[in-house]
Protein chains: 2
Amino acid sequence: MARTSGSFSDITGPKIRAAALRLFARHGYAAVSMRQIAGEVGVQAGALYNYIPDKQSLLFDLLKGHMDELLAERADNHLTGSPTTRLEDFTRFHIRFHHMRKDAVFISYMELRNLTEENFALIEALRSRYENDLQTILEAGRASGDFTLSDAKVSARAIIAMLTGVNTWFREDGRLKLAEVEQIYWQMVQNLVASRG
Amino acid sequence: MARTSGSFSDITGPKIRAAALRLFARHGYAAVSMRQIAGEVGVQAGALYNYIPDKQSLLFDLLKGHMDELLAERADNHLTGSPTTRLEDFTRFHIRFHHMRKDAVFISYMELRNLTEENFALIEALRSRYENDLQTILEAGRASGDFTLSDAKVSARAIIAMLTGVNTWFREDGRLKLAEVEQIYWQMVQNLVASRG
DNA sequence: GTCTATATTACGATAGAC
DNA sequence: GTCTATCGTAATATAGAC
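A.B. asks: Teacher, can you tell me more about the domain arrangement of chain A here?
C.D. replies: Interface size is commonly expressed as the accessible surface area that is lost when the partners come together. All names here are of chain A. Here the domain parsing of chain A yields domain 1 (9-52) and domain 2 (54-192). A separation of 28 Å is found between the C-alpha centroids of domain 1 and domain 2. Tallying the contact residues gives 15 residues for domain 1 and 13 residues for domain 2. Looking at the side of domain 1 facing domain 2, the largest losses of area belong to Arg17, Leu21 and Tyr29, adding up to 46% of the total buried there. Put simply, domain 1 and domain 2 have zero salt bridges between them. Where domain 1 packs against domain 2, one counts four residue pairs in polar contact (both at pLDDT 80 or more). Counting only elements with at least two residues in the side of domain 1 that touches domain 2, the list comes to α1 (12-27) and α2 (34-41). For the side of domain 1 that touches domain 2, a count of residues per class yields twelve nonpolar, one polar and two charged.

A.B. asks: When you look at the relation of the copies chain A and chain B in this model, what are you seeing that I'm missing?
C.D. replies: The two chain copies are connected by a rotation around an axis plus a translation along it. Between the two copies, chain A and chain B, the superposition gives an RMSD of 0.0 Å; the rotation angle is 180° and the shift along the axis is 0.0 Å. In the structure described here, the two chain copies are related by an operation that fits a two-fold rotation axis. Interface residue correspondence from chain A to chain B reaches 100%, placing this contact among same-surface, isologous pairings.

A.B. asks: Could you clarify how one ought to interpret the protein's contact with DNA strand D in this entry?
C.D. replies: If you check the shell around DNA strand D, you find 18 residues, and the closest are Gln44, Asn50 and Tyr51 of chain A together with Met34 and Arg35 of chain B. The share of sugar and phosphate among atoms of DNA strand D within 4 Å of the protein is 67%. Backbone polar atom of Gln44 of chain A to a phosphate oxygen of DNA strand D: 2.5 Å apart, as the coordinates give it. Within the backbone of Val32 of chain B, one N or O atom sits 3.5 Å away from a phosphate oxygen of DNA strand D.

A.B. asks: Can you help me understand the environment of Phe120 of chain B in this one?
C.D. replies: All names here are of chain B. Along the polypeptide, Phe120 turns up in helix α6 (residues 117-144). Note on Phe120: relative accessible area 34%, which makes it partly exposed. Distance in space between the C-alpha atoms of Phe120 and Lys64 is 9.8 Å, their sequence separation being 56 residues. Among residues more than four places away in sequence, those in contact with Phe120 are Leu112 and Leu115.

A.B. asks: I'm lost on the packing of aromatic side chains in this one. Help?
C.D. replies: Two aromatic rings are characterised by how far apart their centres lie and by the angle between their planes. Residues and elements named next belong to chain A. A complete count under the given rule lists eight aromatic pairs over all chains for this structure. Plain terms: the ring middles of Phe24 and Tyr29 are 5.2 Å apart, the flat faces sit at 70° to each other, and that makes the pair edge-to-face. Side by side, Phe24 and Tyr29 carry an identical accessibility label, which is buried. Taking the ring centre of Tyr29 as reference, the NZ or CZ of Lys55 above it sits at 4.6 Å.

A.B. asks: Even after reading the chapter, I still don't get the interface of chain A and chain B, so can you show me in this structure?
C.D. replies: Taken together, the contact between chain A and chain B spans 34 residues of the former and 34 residues of the latter. Buried area between chain A and chain B, summed over both chains or domains, comes out near 2,700 Å², and the portion from carbon and sulfur atoms is 59%. At the surface where chain A touches chain B, the tally comes to four salt bridges. Contributions of two or more residues to the side of chain A that touches chain B are made by α1, α5 (102-110), α7 (152-164) and α9 (178-192) of chain A. The dominant element in the side of chain A that touches chain B, judged by the number of residues it contributes, is α7 of chain A, at seven residues. Residues belonging to the side of chain A that touches chain B are distributed by class as follows: 18 nonpolar, eight polar and eight charged.

A.B. asks: What am I meant to see in the packing of helix α3 (residues 55-76) of chain B against α6 of chain B here?
C.D. replies: Packed helices, taken two at a time, are described by their axes: the angle between them and the distance between them. All names here are of chain B. Contact geometry of α3 with α6 gives a least axis separation of 10 Å together with a crossing angle of 20°. When the interaxial angle is binned, α3 and α6 end up roughly parallel. Crossing handedness for the pair α3 and α6: left-handed. Every residue of α6 that contacts α3 at Gln56, Phe60, Leu63, Lys64, Met67, Asp68, Leu70, Leu71 and Arg74 is listed here: Asn119, Leu122, Ile123, Leu126, Arg127, Arg129, Tyr130, Asp133 and Ile137. Looking at the contact of α3 with α6 residue by residue, the class counts come to ten nonpolar, two polar and six charged.

A.B. asks: Honestly, the protein's contact with DNA strand C in this entry has me stumped. Any pointers?
C.D. replies: Taken together, 16 residues lie around DNA strand C, and Met34 and Tyr49 of chain A together with Gln44, Asn50 and Tyr51 of chain B are the ones closest in. Backbone atoms, meaning sugar and phosphate, form 64% of the atoms of DNA strand C found within 4 Å of the protein. Looking at the surface near DNA strand C residue by residue, the class counts come to six nonpolar, seven polar and three charged.

How each quantity is defined
Along each chain, the written sequence defines residue order, and numbers are assigned to residues from 1. The lettering of chains begins at A and the numbering of ligands begins at 1, in the order of writing. Two thresholds apply to this predicted model, a pLDDT of at least 70 for residue-level local features and 80 or more for giving and counting side-chain atom pairs, whereas whole-chain, interface and lining totals are computed over all residues. Note: side-chain values were computed over all heavy atoms of the structure, leaving out hydrogens and water. In this document the domain limits rely on a domain assignment from an automatic tool or a database. By definition, residues are in contact when any of their heavy atoms lie within 4.5 Å. Accessible-area loss on putting two parts together, using a 1.4 Å probe and summing over both, is the definition of buried area adopted here. The salt bridge definition used is simple: a Lys or Arg side-chain nitrogen within 4 Å of an Asp or Glu carboxyl oxygen. Any pair of nitrogen or oxygen atoms within 3.5 Å is treated as a polar contact; in protein, a donor-acceptor pairing is required on top of that, and neighbouring residues in sequence qualify only through side-chain atoms on both sides. For the purposes of this entry, the term helix denotes a DSSP run of H or I that reaches at least four residues, the term strand denotes a run of E that reaches at least two, and both are numbered from the N terminus. Each residue gets one label: Ala, Val, Leu, Ile, Met, Phe, Trp, Tyr, Cys and Pro are nonpolar, Asp, Glu, Lys and Arg are charged, and the others, such as Gly, are polar. The superposition of copies rests on a least-squares fit of C-alpha positions from residues with pLDDT of 70 or more in both. The cutoff for a nearby residue is simple: one of its non-hydrogen atoms must lie within 4 Å of the molecule or strand. Only protein chains enter the calculation, and the probe is 1.4 Å; a residue is then buried if its accessible area is under 20% of its type maximum, exposed if over 50%, and partly exposed in between. Planes of paired rings set the category: under 30 degrees apart is stacked, over 60 is edge-to-face and the rest tilted, where pairs are Phe, Tyr or Trp rings (Trp by its six-membered ring) whose centres lie within 6.5 Å. Two thresholds decide whether a charge sits over a ring: the Lys NZ or Arg CZ must be within 6 Å of the ring centre and within 35 degrees of the ring normal. Where helices are involved, their axes are fitted lines through C-alpha atoms of the stretch in contact, as for all axes, and angles between N-to-C directions lie from 0 to 180°. Working rule for angles: under 35 degrees goes down as roughly parallel, over 145 as roughly antiparallel, 65 to 115 as roughly perpendicular, anything else as oblique. The crossing is said to be left-handed when, going from far helix to near helix, the turn is anticlockwise and less than a right angle, and right-handed when the turn is clockwise.

What follows is the structure in structure tokens.
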């Protein structure tokens, strides 16, 4: 049966998303052209429009997909136990997940301003749910006397910023293994919320 | 004496830098055109090239200027006293300085990838000096027994990420005043490095 | 020092052949 | 479903008049 010239598989759509994710993370949304993305995929620029309506939708799909996966995998994590156990789960999950999804994490922080207003609101709502998840854990720990916090919302934001910061410096071939980094950060998080003796 | 049509002052250069800083922070380096910058300043695009050789140099000058100011103002801070005092100074200085320089801070994190390789190395060296400054304080505190840390470099990075994160959510008209935020974060930093009783 | 005008290149997106 | 070709627009940067 006839194959049209450039068609090697039925996964052009996912390949477009993967190429865009990598290029946006490396050079930034505005700096990447549709021709560059097409070049990575191995098609001509016009062919992209069989899969996406426009460039903006492509960006939104990437960010939306990332947030959906974050919340879904987080939900798979066990969410019961003492506040300390739940906080440790959150800490280790956050570091591991964000390490595995570096490109998506990067553009999720960098390219929010390139979303339309309503697309931004949708992403922001998802991000907020993740943050509230941590805040709930912190408040449970305060109620049980396990944690001491002056402001659970601020603490949640501080912890997330601290943990996400790992992505800016950690390298696979560096001085520390990821498991060690995870342990160091968990110790710091424990200190941060510690009830003082 | 004759004035050429569009010339209202002798500070076109600084005005260009100010306009570029604001526009780059708002829309991103790649998304901002020289015509937009010129429009903000009140000149035509061609006139910008009397002040800057090209767009890339403009970005580098902004980032370099920001890092120079950060290190200079940090040096004006008093750098003596106990490790705890010096850590408190660093914490409060970081929050205040980064709050006053939101746009510059933003592009300093976002637009590093748009620098040429050598320009990036120059900025990275300055950023590293700032980080080492904090690391030195932490090591002094560990040596004196005031702090407990498993890894001073990781702790320095974690603290800086945590403090810089304030910029992503703090609003002047929000629930908390900046002085309160400063206090909450200083408490968290103290916990983070605390020697456990 | 700024203007107007322009050279050159590239962009996002679309049309129609196959 | 992808190709080639192209439309309409806008980009950085430069040249020369004033």
